[in-house]
Amino acid sequence: MTDLCDIIATTSTVLDVVDYLQLPPSMVAPLELALLGTEQTLWQSVCAAPLAWVELGARLRSFAIWREAAVHVVGGWGDGESGGGSCEWSVAEKCALRREVRELCERKAARFEKWKEELEERLVGYMHEKLRWDVGRERGKGKKDHEPDVFYWQAQVLWGQWLAARFREGEGKRAKDGGMALYRMIWEGRFCDAVEEQAKLAPLTPGGRKVVSEIVDEMKKDLKKMVEGAMISKLKLDQSKMSANRMTPFVIEMRNAPWNKKEIDHRGSAHRNKRPRLESEMKQVPDEEDDLEDHIAQS
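Residues numbered from 1 in each chain as written. Predicted model: local features only at pLDDT ≥ 70, side-chain atom pairs only at ≥ 80, totals over all residues. Heavy atoms only, no water.

(A) Structural detail: the overall build of the protein chain. Helix and strand counts for the protein chain stand at 15 helices and zero strands. Evaluated residue by residue, the protein chain yields a buried proportion of 43% over its 299 residues. Sequence separation of at least 24 residues holds for 72% of the intrachain contacts in the protein chain that already meet a minimum separation of 6. As displayed, the protein chain offers around 16,400 Å² of accessible surface, 53% of which is attributable to carbon and sulfur atoms. (Helix = DSSP H or I, 4+ residues; strand = E, 2+ residues; numbered from the N terminus. Buried < 20%, exposed > 50% of the residue type's maximum accessible area, 1.4 Å probe, protein only. Contact = heavy atoms within 4.5 Å. Areas by Shrake-Rupley, 256 points an atom, 1.4 Å probe, with all protein chains shown as cover.)

(B) Region of interest: a nonpolar patch on the surface. A contiguous nonpolar surface patch, about 330 Å² in accessible area, is contributed by Val-17, Leu-21, Leu-23 and Met-27. Structurally, Leu-21 can be placed in helix α1 (residues 2-21). Residue classification places Leu-21 among the partly exposed positions, given a relative accessible area of 49%. (Patch = residues over 30% accessible without salt bridge, like charges linked within 9 Å, V, L, I, M, F, W, Y side chains within 5 Å. Salt bridge = Lys/Arg side-chain N within 4 Å of Asp/Glu carboxyl O.)

(C) How the structure looks around helix α12 (residues 206-231). With 26 residues, α12 should cover 38 Å at 1.5 Å per step; its first-to-last C-alpha distance of 35 Å lies within 8% of that length. The axis of α12 is deflected most strongly, by about 35 degrees, at Lys-225. (Expected span 1.5 Å × (residues − 1). Bend = angle between axes of the 7 residues up to and from the residue.)

(D) Region of interest: the packing of aromatic side chains. Per the counting criterion, the structure on display carries seven aromatic pairs. Pairing Trp-159 with Trp-162 gives two aromatic rings, centres 5.8 Å apart and planes at 25 degrees, and the pair type is stacked. On the criterion of helical spacing, the pair formed by Trp-159 and Trp-162 is a turn pair, its members being three residues apart in helix α9 (residues 150-168). Here Trp-159 matches Trp-162 in class, with each residue buried. One aromatic cluster in this structure is built from Phe-63, Trp-66 and Trp-259. The residue whose ring lies beneath Lys-220 is Phe-191, and the NZ or CZ to ring-centre distance is 5.2 Å. We note Lys-224 situated over the ring of Trp-187; from NZ or CZ to the ring centre the distance is 5.4 Å. (Phe/Tyr/Trp six-rings, centres within 6.5 Å; stacked < 30°, edge-to-face > 60°. Lys NZ or Arg CZ within 6 Å of the ring centre and 35° of its normal.)

(E) Seen up close, the pattern of salt bridges. Tallied over the full model, the rule gives 12 salt bridges. Residues Glu-188 and Arg-184 are paired through a salt bridge, measuring 3.9 Å at the closest nitrogen-oxygen approach. With a gap of four residues between them, Glu-188 and Arg-184 both fall in helix α10 (residues 180-188), about one helical turn apart. Given the relative accessible area of 40%, Glu-188 is considered partly exposed. Bridged by salt links that share partners, the residues Glu-113, Lys-116 and Lys-173 form one connected network.

(F) Up close: the nonpolar core. One finds Trp-53, Trp-66, Leu-123, Trp-159, Trp-162 and Ile-186 to be the most contacted residues of the largest nonpolar core, which totals 67 residues. Of the residues forming this core, the biggest block, nine residues, is contributed by α12. Here this core gathers at least three residues from each of two domains, domain 1 (4-114 + 232-256) and domain 2 (117-133 + 141-230). Excluding residues that lie within four positions of it along the chain, Leu-123 makes contacts with Trp-159, Leu-163, Ile-186, Leu-223, Met-226 and Val-227. (Core = buried A, V, L, I, M, F, W, Y, C linked by side-chain atoms within 4.5 Å. Domains from an automatic or database assignment.)

Pasting the structure below:
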């Protein structure tokens with residue numbers, strides 16, 4: 001962790017010197033290249049201190065570094081209205097961010113919280129395809145037609161009981177992790193041991209329990225698709241070496257960078273103000289309302 005903190009201190013010091021001496025912008029380019037050259041060491045430092053790096057990335061005008069930090073910041077933003085969810089940053093820390101960065105994080109976090117609320121409503125209402133029917137269009141089934149569905153109903157009850165227990169334990173979007181543990185269990189299929197749990201529900205032969213287990217496995221495939229949007233990570237961080245412990249499915253584009261906004265807060269780094277703008281940076285991009293990322297909207 002000391003090495004990760006040293007990277008932040010060194011980067012900040014170099015930028016302060018560049019600003020103080022009013023050195024040309026070309027002096028900063030090698031610093032960005034050197035940072036990017038450290039690869040996972042840099043991304044681990046960003047993961048450990050995203051609030052610091054979202055500022056340093058903006059001062060460097062390094063989209064790669066700034067974007068990585070911004071994804072982390074949004075992932076730890078939480079639900080500002082209810083106080084629930086994975087809120088890692090204090091009100092003071094949020095207010096200390098640049099206005100355009102804070103507004104971006106608020107907007108994306110709010111939309112993600114809404115998506116999670118709708119996701120959990122869909123999880124509660126989920127039924128195996130075999131049990132779905134249109135009340136207005138399909139005729140009711142007779143007793144004999146219903147009898148083969150008994151195993152499907154038992155599998156459905158297992159899923160409903162398991163999910164209700166998770167919510168009762170405080171898991172889901174209102175948990176401290178914002179629902180990450182619950183969604184990961186569903187995504188990995190680590191729920192509803194049909195053979196063991198079904199034995200508590202109703203007496204069945206081993207063959208019957210096997211049928212219920214197979215039906216639950218079918219349901220797990222559907223449910224995995226429902227939550228996979230939250231499990232996708234947009235980070236460069238290798239999480240096999242260091243876990244982010246945040247949900248990070250957010251798409252952040254160049255147009256979201258603070259130096260590409262129409263109204264830039266000119267307080268702060270002199271280096272940022274003096275650096276000549278490239279033609280591509282001077283082109284204004286409408287700050288249109290973000291749509292949810294495709295992989296989330298379609299799940």
